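# Architecture at a glance
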Amino acid sequence: MQNSESSNAGKAVPKRYRLSLKTRETLAAYLFLLPFILLFSVFVIRATFYAIQMSFFDWTILKPIKPFIGLANYKELINDDVWWLALRNTLYFSIITVIGTSAVALAAALAINQPKVKGKEFFRVLLYMPSLLSVGVIGLTWVWLLNTQFGIVNYLLSFLGIRPINWLGNANLVIPALSLTTIWWGFGFPMLIFLAGLQGIPEQLYEAARIDGARTGQIFWRITLPLLRPTLLFITVTGFIAHFQVFGQPFIMTRGGPGRASYTVIFYLYEAAWRAFRMGYGSAIAVALAFIIIFFTLLQFRFIGRRVEY
Amino acid sequence: MSKLKAIKYIFSLVLLVFFAQSMAQDAPEPVVTDFGTGGTLISFWNGLSGSDGVTLNEMLGKFVEETPGVSVRTEIIDWGTLYPKLQTAFVAGEPPDVFIVHASEVAQFQSYGMLKDLSYLYDTNGGTLPSADFAQPGFNGVFVDGVPYGVPLDNHGRGTWANVGLFEAAGIEPHIPNNFDDLVAMLQQLTLDVNGNNAASADFDAANVAQWGTCMEWIYTDFESYLWQFGGSIISEDGKTATVNSEAAISALQRMHDLIYKYHVSPEPAGFDSWQSWAGGKVALVPTGTWFRNFAEDQTDIKGQALPAMQVGPNPGTWFGSHVFMIPAGLEGEKLAAVEKMILWVTDHQAMWAGSGQVPARISVQESLDPALYPSNITIGKTFQEYGHLEVVSKAILELQAALDPELGSALNNQKSIEDALNDANKRMQQVLDRNQ
């Protein structure tokens, strides 16, 4: 041993390269992320670019020749009445569904968050349960609930002297009816987010307000709601993105009808791509929708997204 | 654990069990079914998701019993999903070994090069299938440029189903009048308000109808039937021009509209469940198809009777289609031989297929049906041969249907005028035809 050490003494010991702690942590993080990034790249990023590429072609899935047609699909889209109708329906559905979902979720969260409420966990589970169901189950269930002749909703309304309402067959009511279904289905998740947001508001602020003599309404409008603004932003932005892509409800419950009164953008995309076999035009619809969603997301950040600190 | 907490947990558990059980009960019938254990397995896709699918599966069970060495895996997918699935399967190079679509779609699928030329199966080209025994005009539907790309299983199409009890209560023998005025008069007698007044009565309360004379069911096919009755068609004979805003089309749709809003003998179509209403004794005469047979028979408290399609125009006419077996172009070898055996077996046993309510494609089988057992197949099937029109054949038929169908709904639900709806439909259909020339 001694000899060996002596023999190395005169040589320069190479400096062992050591990564800094921060670099190692960063590398580890990326390694953990790698499987997701790989899958995301293949199934989302690649597919997105592929769809953009397809939108410049007359791309019928089974035809061997797919000619390049430049912007023709987009030009057709601009002049397509059904596209504009579907966009209008989608916007209407998204706005009322986001507002309705947020209001119901916030009301439920506020009710459950009351200190005197017993069995919070139970109600949390109960109200969240509809979110666990698939759109197929929800759609078929609500078709029967809202059935004009045999539905339980009209049956209950009949006790109030209200004549049967053609929920899904009336062009003016069909979008609100689909929205009602969606709110019932989807308010569970935002409710949990609101609950988390409510529990993050410092109790001292409420105590100070009560000492100053603030009433319940004032406390809600002046403290709770402003301090929930980041939560509200998250819920409206994610809700808007999700509801703008609504498909299952009109597909299962109305098939876009009556007439085209419940055609939504994704429903129309499905019709174009999978019923008319026009993948190029369907891709153009998808790309246009993506830009519209980005536009509305930025708009929401602009109007709701002021940073709140406390 | 406090008593309250225990109650909450038990209640939650009960809810979860109930929830899971209801989900399990609602689980749909399996779409994939295996028949037989033979070494050559063939996959068979079709859209026969009603009682006709049950009948076909029974037939396949018998086929594999009689055909050792062959097993069949059927996949029943509703039509709306079958078309996209077929596309992706063909693109992926994994199509089924045999599938069923409609005769009107043969031209479209053939234009993609998907289909095998089946001339060799027919006696005109050395095969065993007797060409002359397949009913016209349905058989014509499998040909593209003189080449058959399929083997017809049936003719299925439009007729009506009467609730005999409601007819008898009105003192009317179940029948279809051969002119519009008499039809309206009959339907008015069969439409009753909550006070028991019929639609011809001056006291009739159109806002509170308890029993309808008729209703709208599959609007697209009934419109086409009535359009043919007026001598029109949705596209020109050469397939290049949309003609759905013609005078004939306006007349046909106007009369459908009149049944709802002028004569009050039919409810607005949207949101009206025609089958359940017939089953509930709320509709006297439902326009429907041959496939209604088993549903009607299941309603044991209602005496049903199949009748021809309603005559709204000056001449009789009715829509019908044909389910057709097709084989992918690339199929060869053992699997092809097994598929051929299956098609030939089913074709030779089409009498069993009548149990589905559909009309067998072979004339000899149609003629052999027992009138006591298959009255609807015979009554409605006869109309297909006498004055039936096979669904329009076009390379873009699915897209044409998608362009027309919502516009008909818009007109009949009073969202658009008849002229506007048909003009809009015509414009979109012409664009479709122009793209597919």
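Since we're looking at a predicted model, the values are computed, not measured.

### Quick notes on the overall build of chain A
Scanning chain A for helices and strands turns up 15 helices and 0 strands. For 310 residues, the compact-globule estimate of 2.2 N^0.38 gives 19 Å, and chain A exceeds it by more than 25% at 27 Å. Seen through its principal axes, chain A has C-alpha atoms that stretch 105 × 75 × 35 Å. Summarising the internal contacts of chain A: among those between residues at least 6 apart in sequence, 71% fall at separations of at least 24.

### Focus on the interface of chain A and chain B
Contacts between the two partners involve 27 residues from chain A and, on the opposite side, 25 residues from chain B. In terms of residue count, helix α14 (residues 265–275) of chain A provides more of the side of chain A that touches chain B than any other element does, 3 residues in total. Looking at the side of chain A that touches chain B residue by residue, the class counts come to 14 nonpolar, 9 polar and 4 charged.

### A short note on the domain arrangement of chain A
According to the domain assignment, chain A contains domain 1 (17–54) and domain 2 (84–304). Centre-to-centre, using C-alpha coordinates, domain 1 of chain A lies 33 Å away from domain 2 of chain A.

### A word on the pairing of strand β13 (residues 318–321) of chain B
Residue and element names in this part refer to chain B. Of the two faces of β13, both are covered, the one formed by T318 and F320 as well as the one formed by W319 and G321. The sheet contact formed by strand β8 (residues 154–163) and β13 spans 2 bridges and is antiparallel. When the sheet's bridge partners are listed, G157 is paired in β13 with F320.

### Some thoughts on unusual backbone geometry
Cis geometry is found at the peptide bond from A:G257 to A:P258, where omega equals 0°. B:Q136 connects to B:P137 through a cis peptide bond whose omega is 5°. For B:P137, the position within the fold is in the loop between α4 (106–111) and β5 (143–144). Phi is positive for A:F277, which is not a glycine, with a value near 65°. Relative to the helices and strands, A:F277 resides in the loop between α14 and α15 (279–304). In this structure A:F277 comes out as buried when scored by C-beta crowding, with 22 C-beta atoms within 10 Å. Unusually for a residue other than glycine, B:H264 sits at a positive phi of about 55°. Within the secondary structure layout, B:H264 lies in the loop between α8 (247–261) and α9 (274–279). The class for B:H264 is buried, based on 21 C-beta atoms found within 10 Å.

### Concerning the nonpolar core
Among the nonpolar cores identified, the biggest contains 151 residues, and A:I285, B:L253 and B:V324 are the most heavily contacted of them. Top element by residues in this core is α14(A). It accounts for 9 residues. Excluding residues within four positions of it along the chain, B:V324 makes contact with B:I100, B:V101, B:H102, B:A103, B:V106, B:V142, B:G150, B:V151, B:P152 and B:L153. Counting residues in hydrophobic clusters, the runner-up holds 13 residues, among them A:A105, A:I112, A:M191 and A:F194.

### Some remarks on the domain arrangement of chain B
All names here are of chain B. Domain boundaries in chain B define domain 1 (32–153 + 322–390) and domain 2 (158–320 + 396–435). With 22 residues of domain 1 in contact, the opposing surface of domain 2 contributes 19 residues. For the side of domain 1 that touches domain 2, the leading source of residues is helix α14 (residues 375–387), giving 8 residues. A per-class count over the side of domain 1 that touches domain 2 returns 7 nonpolar, 13 polar and 2 charged.

### Brief notes about the sheet that holds strand β7 (residues 151–152) of chain B
Residue and element names in this part refer to chain B. Within the open sheet, the 6 strands sit side by side as β1-β3-β2-β4-β14-β7. Their pairing is mixed. Looking at strand neighbours, the two that pair on one side only are β1 (32–35) and β7, the edges of this open sheet. In the sheet, β7 pairs with strand β14 (residues 323–326) via 2 bridges, with the strands oriented antiparallel. Each residue of the ladder has a partner; that of P152, found in β14, is V324. Here helix α11 (residues 333–348) sits on the sheet and contacts β2 (40–46), β3 (70–76), β4 (98–102), β7 and β14; the angle it forms with β2, its principal contact strand, is near 55°.

### A few points about the confidence of the model for chain A
Detailed reading of the predicted coordinates is not advisable wherever pLDDT is low. Mean pLDDT over chain A: 89, with 93% of residues reaching 70 or higher. Counting contacts from residues 1–7 of chain A, a segment whose pLDDT is below 50, to residues more than four positions away or on other chains yields 0 contacts.

### Looking at the environment of A:Y281
Residues and elements named next belong to chain A. Residue placement: Y281 occurs in helix α15. The spatial distance from the C-alpha of Y281 to the C-alpha of F56 is 8.5 Å, given a sequence separation of 225 residues. Excluding its chain neighbours within four sequence positions, the residues that come into contact with Y281 are N73, E76 and A272.

### With respect to the confidence of the model for chain B
All names here are of chain B. Within chain B, residue pLDDT values average 91, and 93% of them lie at 70 or more. Between residues 24–29, whose pLDDT stays under 50, and residues either more than four places distant or in other chains, the model counts 1 contact. Two summary scores accompany this predicted model of the complex, namely pTM at 0.84 and ipTM at 0.81.

### Structural notes on helix α16 (residues 418–435) of chain B
A turn of α-helix holds 3.6 residues, and therefore any two residues three or four places apart point the same way. Residue and element names in this part refer to chain B. For α16, spanning 18 residues, the distance from its first C-alpha to its last is 26 Å, which sits close to the expected 26 Å at 1.5 Å a residue. Of the residues making up α16, those classed as buried are I418, A421, L422, D424, A425, N426, R428, M429, V432 and L433. Buried residues in α16 make contact with α8 and α15 (397–412).

Thresholds applied
Residues numbered from 1 in each chain as written. Chains lettered and ligands numbered in written order. Predicted model: local features only at pLDDT ≥ 70, side-chain atom pairs only at ≥ 80, totals over all residues. Helix = DSSP H or I, 4+ residues; strand = E, 2+ residues; numbered from the N terminus. Rg over C-alpha atoms; globule rule 2.2 N^0.38 Å. Contact = placed C-beta atoms within 7 Å. Nonpolar A, V, L, I, M, F, W, Y, C, P; charged D, E, K, R; others polar. Domains from an automatic or database assignment. Buried ≥ 20, exposed ≤ 12 C-beta atoms within 10 Å, placed from the backbone. Pairing = 2+ DSSP bridges. Core = buried A, V, L, I, M, F, W, Y, C linked by C-beta atoms within 7 Å. Axes fitted to C-alpha atoms, helices over the stretch in contact; angles between N-to-C directions. pLDDT = per-residue confidence, 0-100. Expected span 1.5 Å × (residues − 1).

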